[in-house]
Structure formats: C-alpha cells, structure tokens
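# Structure assessment
Spelled out from the first residue to the last, the chains are:
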Amino acid sequence: MTGGRVLFGRSHELSAIEDLLAGARSGRGDALLVSGDAGTGKSALLDHARSIAAMRTLSATGVESESQLPFAAAHMLLRATFGHIDALPALQADGIRAAFGLGPPAGGDRFLVGLAGLALVSEYAGGEPLLCLVDDAQWLDQASADMVHFMIRRLGAEGIALIVATREGEGAFTVPGLPELRLGGLAACDAARLLGTVAGELPAGVRDRIIQETGGNPLALIEVAAQLDPEQRAGRIIPLALHVAAGSYQPGRIQAAFWHRIRRLPDRTRTLLLVAAADDTGDLGVVLRAAHRLGATLPDLAAAEQDGLVEVAGSVLAFRHPLVRTAAYRCAPAAQRVAAHQALAAVYTDAAHTDRRAWHRAVAALEPDADVAADLEVAAELAAVRGGHAEASAAYERAAELTDDPGTRFRLLAAAAEAAHQAGRLAQVITLAGRAQGLADDPAALTHLARLRANAEFERVSPRQACLTLLACASLVADRDPPAALPLLVEAAWRAWYAGDGALAADATRRLERLEVSPRPNLPVRVDLARLTAGDEASALLCVLAGDEDTGWTLATALVTELRDGGKIGRLPLALAALAIAELFRGEHPGASVAAAECVRLAADTGQPRRGALGTAVLALLAAIGGHEKRCAVLAEEVVGHASAHGIGSVAALGIWAAGLLDLGLGRYAEALRRLGGLPADAFAPFLPALVAPDLVEAAVRAGRPELAQEPLGRFAEWSAQTRRPWADAVLLRCRALAGEGAAAEEQYRAAVAQHAEGGRPFERARTELLFGEWLRRARRRAEARTHLHAALQVFDRTGARPWAVRARMELAATGESAGPAPVDRGAAPGLTPQELQIVRLAARHLTNREIAVQLFLSRRTVEFHLCRAYRKLGVSARGELEDAMIRASLTS
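### Notes on the overall build of the chain
Scanning the chain from terminus to terminus reveals 45 helices and seven strands. Across the 893 residues in the chain, those meeting the buried criterion constitute 56%. In the structure as shown, the chain presents an accessible area of about 35,300 Å², 52% of it carried by carbon and sulfur atoms.

### Section: the nonpolar core
Ranked by internal contacts, the top residues of the largest apolar core, which has 173 residues, are L614, V651, W657, F684, F716 and F796. Ranked by the residues each element gives to this core, the list is headed by helix α29 (residues 572-585), at twelve residues. For F684, the residues in contact, after removing those within four places along its chain, are W497, Y498, L545, L614, S650, V651, L654 and P689. By size, the runner-up hydrophobic cluster in this structure holds 42 residues, among which are F71, A74, L118 and L140.

### Structural notes on empty space enclosed by the protein
As enumerated under the stated definition, the model contains five cavities of 30 Å³ or more in all. Reported here for the largest cavity is a volume of approximately 230 Å³. F585, W657, R761, F763 and E764 are, among the 17 residues lining the largest cavity, the residues nearest its centre. Elements with a contribution of two residues or more to the lining of the largest cavity: α29, α31 (609-626), α33 (649-665), α35 (687-702), α37 (726-739) and α39 (762-778). Of the residues in the lining of the largest cavity, the class split is twelve nonpolar, one polar and four charged.

### Notes on unusual backbone geometry
The backbone phi angle of R724 is positive, close to 55°, even though this residue is not glycine. For R724, a relative accessible area of 68% puts it in the exposed group. Of note in this structure, R780 is not a glycine but carries a positive phi near 65°. Here R780 shows up in the loop between α39 and α40 (782-799). Residue classification places R780 among the exposed positions, given a relative accessible area of 70%.

### Concerning the sheet that holds strand β2 (residues 56-61)
Taken together, five strands build an open sheet; the order of strands is β2-β3-β4-β1-β5 and the sheet is parallel. The open sheet has two edge strands with one neighbour each: β2 and β5 (180-183). Direction aside, the axes of adjacent strands within the sheet are offset by 15° on average. In this structure, β2 lies alongside strand β3 (residues 130-135), joined through six bridges in parallel fashion. Looking at β3, one finds that T57 is bridged to L131. In this fold helix α1 (residues 11-25) packs onto β1 (30-36), β3, β4 (160-167) and β5, with an angle of close to 150° to the strand it touches most, β4.

### Observations regarding the pairing of β5
Only one face of β5 is buried, namely the one carrying L181 and L183, since none of E180 and R182 on the opposite face is buried. Relative to β5, β1 runs parallel, the two sharing four bridges. Within β5, the residue paired with V34 across the bridge is L181.

### Structural notes on the environment of E881
Here E881 shows up in the loop between α44 (860-874) and α45 (882-888). For the pair E881 and Y329, spaced 552 residues apart in sequence, the C-alpha separation works out to 65 Å. If sequence neighbours within four positions are ignored, E881 has contacts with G875 and V876. Within the structure, the side chain of E881 is placed 3.1 Å from the side chain of S877, a separation counted as a polar contact.

### Thoughts on the confidence of the model for the chain
When the pLDDT values of the chain are averaged, the result is 87; 93% of them are 70 or greater. When the elements of the chain are averaged for pLDDT, helix α26 (residues 525-532) gives the smallest value, 42, and β3 the largest, 96. When the criterion is pLDDT under 50, residues 239-249 qualifies, and its contacts beyond four places in sequence or with other chains add up to 33 contacts. Low pLDDT (under 50) marks residues 521-535, which in the prediction has 31 contacts with non-local residues, meaning those over four places away or in another chain.

Cut-offs applied
Residues numbered from 1 in each chain as written. Predicted model: local features only at pLDDT ≥ 70, side-chain atom pairs only at ≥ 80, totals over all residues. Heavy atoms only, no water. Helix = DSSP H or I, 4+ residues; strand = E, 2+ residues; numbered from the N terminus. Buried < 20%, exposed > 50% of the residue type's maximum accessible area, 1.4 Å probe, protein only. Areas by Shrake-Rupley, 256 points an atom, 1.4 Å probe, with all protein chains shown as cover. Core = buried A, V, L, I, M, F, W, Y, C linked by side-chain atoms within 4.5 Å. Contact = heavy atoms within 4.5 Å. 1 Å grid on protein atoms, 1.4 Å probe; cavity = no way out; pocket = protein on both sides within 12 Å on 5 of 7 lines; lining within 4 Å. Points joined across faces, edges and corners; volume = space filled by probe spheres on them. Nonpolar A, V, L, I, M, F, W, Y, C, P; charged D, E, K, R; others polar. Pairing = 2+ DSSP bridges. Axes fitted to C-alpha atoms, helices over the stretch in contact; angles between N-to-C directions. Polar contact = N/O pair within 3.5 Å; in protein donor to acceptor, adjacent residues only side chain to side chain. pLDDT = per-residue confidence, 0-100.

Structure follows, in structure tokens:
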C-alpha cells in the first residue's frame, strides 16, 4: 500500500527499497536511483518508501522552472536541518549559509558545499536512520544536483538512505555505478488488476486494447480509465484517448491526454494554469497577482480543482502530476507563454526575487534587449556569490545572447566560461571559451581563455587536445606579446609530457627556445618546468619525478595543507598524488598509501579520473614492492586501461612499471625485462625512463642478457649527471657494479654504499646493500656480506617489501646466519584500510573527531564509524591506547 493505494507488479522494486531502508536502520548508508518514463510510478515508489520507513524523512522535488535558480531543490531538501548549521565546522557552515543566502560569500569550492550538505544531514540525523527522497531529479538545478551527487558518494557510514527518481532520456540524472531500478510498463496481468481497481469490470476486448495501447503505463491506464464513458466501457466506441497507432503509450501521449482535459476548461482557467506552470513556486498569491494582469482571478481556478488537475492547500497551489504542469505550459501558444512570463516578471518587484524576475524577463525576450541582459548579469553575480556557478554561467550566456554590443558579448561569454569552469561543467567551458575567443583581441584575454579551455579539455577530452589548444593560442599572441605566450608554451609542454607525446613536447620546447622573453627560461623545458611552474600541484609532482623528492614533499605537504584549510577539494587529488609519490620515494609507504587512497577517493567524488589514475598508479607500485601479486595485477591493469583510454600515456606507463617491478621482486627476470623494456620512451620523459632504468639494468643482467643493460645504464648516467642527487649517483654506481665484475665491481659497490649514506631513496639504498651482500656472499666473504644484508633487510621489513626481504633472508641463511622470522605484513596485521590508517594517525595525535572530519572532508559520523572499526582491528578500546598500538604495528608516520 502507498497512501492507501496498492502498487501492482513492483515486487522487485519494493524489495530493493526495503533492503535499502534496512541498511540505514543498521547504520549502513546507501542510495538508489529509480528511473523510467513519465507515469511509470516513480513518485509512487518514493511515497511507498516514505510510508514504510518509520524514520525521519527529508524530501525535495526538482522543478523545471527553477532549474536556473541555484540551490532551489537543495533548499527544499535541507530546510528542516538549518537549525544544525552552527554544529558544522566553520568553513562548511559559511559555505552552506552562502549557498542558501543566509550569509556572505564563503571560500572553498562547489564540492565543499556538497560536503557541508551531507554533514548537515548527518547532524540532523543525530546517529538515527534517515530517509532522503529526491523526485524529478532531471529538473534539479545544477548546484543541487552537484550536492546530491556528492552526498551519494559519501553515504557509506552515515545510516542515511537516499532514493532519487528521474525521468529517462535527455537530461536524466545519472550516477555511474549507482544501483538503478528501471521502471517500464506493467505486465499484462498487473495492468489488468490496476484497471479493475480504477475502472471496475471491463469487457476483455476493451481491457486488452487499453493495456496494449498504453503499454502498461500505470498513469496512462488510470487516465484512460477516467475518461471512459458508458459507450466506450461497453466496447461500442473506441476510447478517444486511444485513437493512436498500436504500440507503447509514450509520455507525450499522457501529456496530450492532460492537455485534452485542460483544453476543455474555460479560457481564464487555462490562463491561471499557464501562469502557475510558468512560475511553479506554488505561491498562490504570486500566481493570482500575475494572472490578474491577464484577466483571471481566484474563482476561475475552481474548474481545474473540480477536474482534479490542481489542488489548493492554504496559500499553496500544487499540480496533481508534473505532466499536468508540463501540458499546461507547453501546449499553450507562444504568445500566451510570453505574456505569462511578462506578468510574472512584473509582480516580482522585491530584491529577494531579482533572479526570478530576470529569468522571467529573459524567457519573454524575443530579441536583443540590453536592459534584460543587465538584469541577467546581476542574477548571474548573485548566483555566483552563493556558489551556484552553473546557474551563473547559464545567466551570463543568456545575457550575452541578448546583447548586440560585441565587447559586452565577449565579456559575458568569458564570464560564462569562467563560471562553468567553477561549476565543473567542462563541455560548456570548451564551447563558451571557444565562442569568446572568437570575439577577443587582447593577448591577455586570449591567453586566459585558452588556459581555461585547455584545463577543461585536459579532463574532458585529452591532455593532447589541451596541448594543441595552448599551442594554437601561443601562435596568435607570440608576435604581439611574447611574455603572454610563455605560460601557454610551458603549460603546453606539461600537458604533452603528461600525455606521453614526445613530438608535441619537443614542439613546445622549440617554440620556447625561439621566444623573445627576458629573462629566458633554462632549458631543457621538461627538466626546468618545476621552476617555471613553482607553487602549484604540477611543480610538486615534477620536483619528485625529477629526483628531488624532499623538495617535492615539502611543496606537496604545504599545498595539501593550504587546500584543506581553504576547502579547495577539487584541487586536492593532484596535490595528494604528488605527496603520495614523494612519500613512496622517501620510503614512507604507509603515508604513500594514505595519500594515494585519498587521491583516488576524492578524484572519484569530484569527477577527475585522470588525476585519480595517478593515485591508483602509486597504489599499484606499493603493491608491487610489497609482493601483493593479485592486487598489483588488478591495479596495474586498471591504470593502464583507464590511462590509455583517456590519453594519458605517461600514467599508463606507471602501471606498466608497477607490473615490471613486481616481476623483478619475485625473480621473474625475463618477464620483467620484457615489460620494462616496452615502456614508452616519451612517458614522463626524461624522468620516468631514467627512474625505470636501474630496474631494467637488473632485469637484463639477471635474465642473462647483459648487453641489454647498456642502453638503460647510459640513460640513467645522463639523467644522474643532470639531477646531481646523491642517491642517483649511488644507484648509478650500483648499476655499473651489477653490469661489471671483479675488483671494479666491488669498488663501485663500496662507493655506492658510501654515496647512499648522504640520504635519499631508502628502498634504493636497501637494494644496493642487498646486491652488494649477494656479491660478497658469492665471493665467500660471508661476514662482510651479513653486514650489508642485515642493513637491507631492516629497510625491506620496515617498508613491507616482502619479496626483497625474502631474498635478503635467503642470502643471510646462505651465509650461515638466521635472520629470524619475517614480521607480520604491516598492512595486513591490523587490517587497516588507508582511510582508517589516516584517521587513527590523526586521532593518535590527539585531534578530536570534529578536527579529523575537517581535515579529511568527512562528517563526524563517518570519522566515528572508521575509528570504531580501527579500534577493533588494533585491539584497543580508548583513544589513549592508539599511540602505543600504532608503534606496535609500525604504523606511525
């Protein structure tokens, strides 16, 4: 039953809803998407969920006419929770107040508002189960849609059940990977039962004809049954509503049926319905004031009420079904629709409704109008202040269409592109920036638009396309303003480098060499990009890959802190990827795992798969070093497949490196040689080819193909000379020793060990100690060998490098000494996930759950959930025991 009405033929859907609600009651949050054509019963399922939930419920409905008003639906969903805003962290509270017009503009980005929305719902729930319902999601304003998307991805520990209903087709609300219930027409037997309930007994021929023509659509069945007269019920006359070709009863036919009923109403009643449909705030006073301008008054509404098309409760006017509203609006002549919008614009006179007035005027404008464009620009600015950047972009774009002045149109289109970028609407950024570029002449403006467009193309299309856009703009501005071309060419080189396109990177380099700028950048560009782009995520990543992980770590750590403090969630994934790689190279593998996992999680939350792939690549490398064969294979395959599909060849190469490193650690030297030898030469060149070179040297020598070690050895020697890092000099000496023999090899090994003492890359140092220890053991110098093997084993055990530790133990055993049992896998012993490890580390530093939630962009409930799980795994019962437990498990930072 749903509100006293029986639901026919939806047993599977009802079971899925019951499971979702049961999960919420047990503290496990999740979401469900219900999709289908109009009339298939989506709203009925939501009503059913509300009726059986036995828990507090928040709900909202998307409204077509409010789709350009930022946070309109979110306000409807969250208004009952506003009393809990003060319980949120300051940055989140400020963001949510700004979004709902309750406070001044706030910092952070659009994702922070989504996080604040989830945190607000969590505070409102207070640890009890909660149901959230969102209907007609295809009409959500973009700001609200973004908030719902973010909430869906973060429900796991919240005890919140969220059901979203959307109409199928263009503009449908979608979330990849979200469980979906797709509603079609009812089966014939269920359709017959529904017909019997609403129409009574019908002749079999009439009943079957109705079912056939409606395709079992529940709303269509009800509407057709309501229109049957005695002659039609007897089967002597075909029902008027069924004068259609055989086949599925489409949503347009249901709308037409409603329009047929509306058309029979008096003119002034239709006028009232049209005004209500055009406004759709449900405010009866507003509708009546606007309708009065068109000659309609309250008594004219009675006919629509009597026909069951609308109902009035107090000061609220509601349509019986969204399709009634659609029919009342779309089936009216264009001139009448324009008049309705003009009347509504005239009654929205107060400052609080500036945006509504502007949009009504804009819809009614049939030709350029500078005054309407100015109103829309004000509405856009108001939307942007509240964080509704998608709605601001739409307002700027429409304002541009309503102005004749080229300079004003350029300014508005550029503002629309900027707002679209802030909203993450990448396809619109590309289109709008392209249109604005066609009107631009100033080099600075062209440069800004090109970089904006390239940023969108990097994520939406490919890094290569972003590079081409930047190079094209550089060609336009280089002669007129060489300094303006400099950042374009530097960024183009970075994009080409990320894509693994050596030819384009070389082209950008040549153009930089020819550029007349002072002071001139040092070349080669790909080595010096870190200096040219200092201060951003790319510079931290480049420093790390260039061999200076300590500087890269410092940059990345400071940047991550800055972005966390500022609520800049969208920029965090790349900064975290840089931090993860720096931690990996510094031998801090738990820290690398934590940063990489958060990178992957936030990239998924914010729709940045290309940046998330970097985090996945680090996790694959960690799995390779740890000898976790199945995990490494899965992660490496994911990296290679995803990166190759999205045009980021350099990241794909990291996946190949991980697979080759696993083979090397497990002693599969021929396979390691094959994999590593096939790495693209342009992937993160010259850094990655150089970083992989020592592995390739070892694989070639161990596989009995020493001649194949010469090229990578020379490659690493050249790179080492450029980087001037002690660890790189030490690894070069190790490679030469490995490829050599006799006294010369021993001398180089000793020099390598001495050079490693200056610091850097502990895993590489341990590998050098292992190889030298093996060399000494084979030379029967067992006592000397033990010293180096013990040094290697200590690092391998500390970093969880199990295959390498096994080799060290075997070598020690061959010298006649037992190294003792291998420690329990540091990741598997307590069984902590990277997120749990991150949380307990912060808790061990005496941060409160609230402070941890702020740092990690989680709700307090999610922190509590993961902390409780970590307590059980670590065998502790109180916060004060965490530090000792972390030390015992070797999980301290």
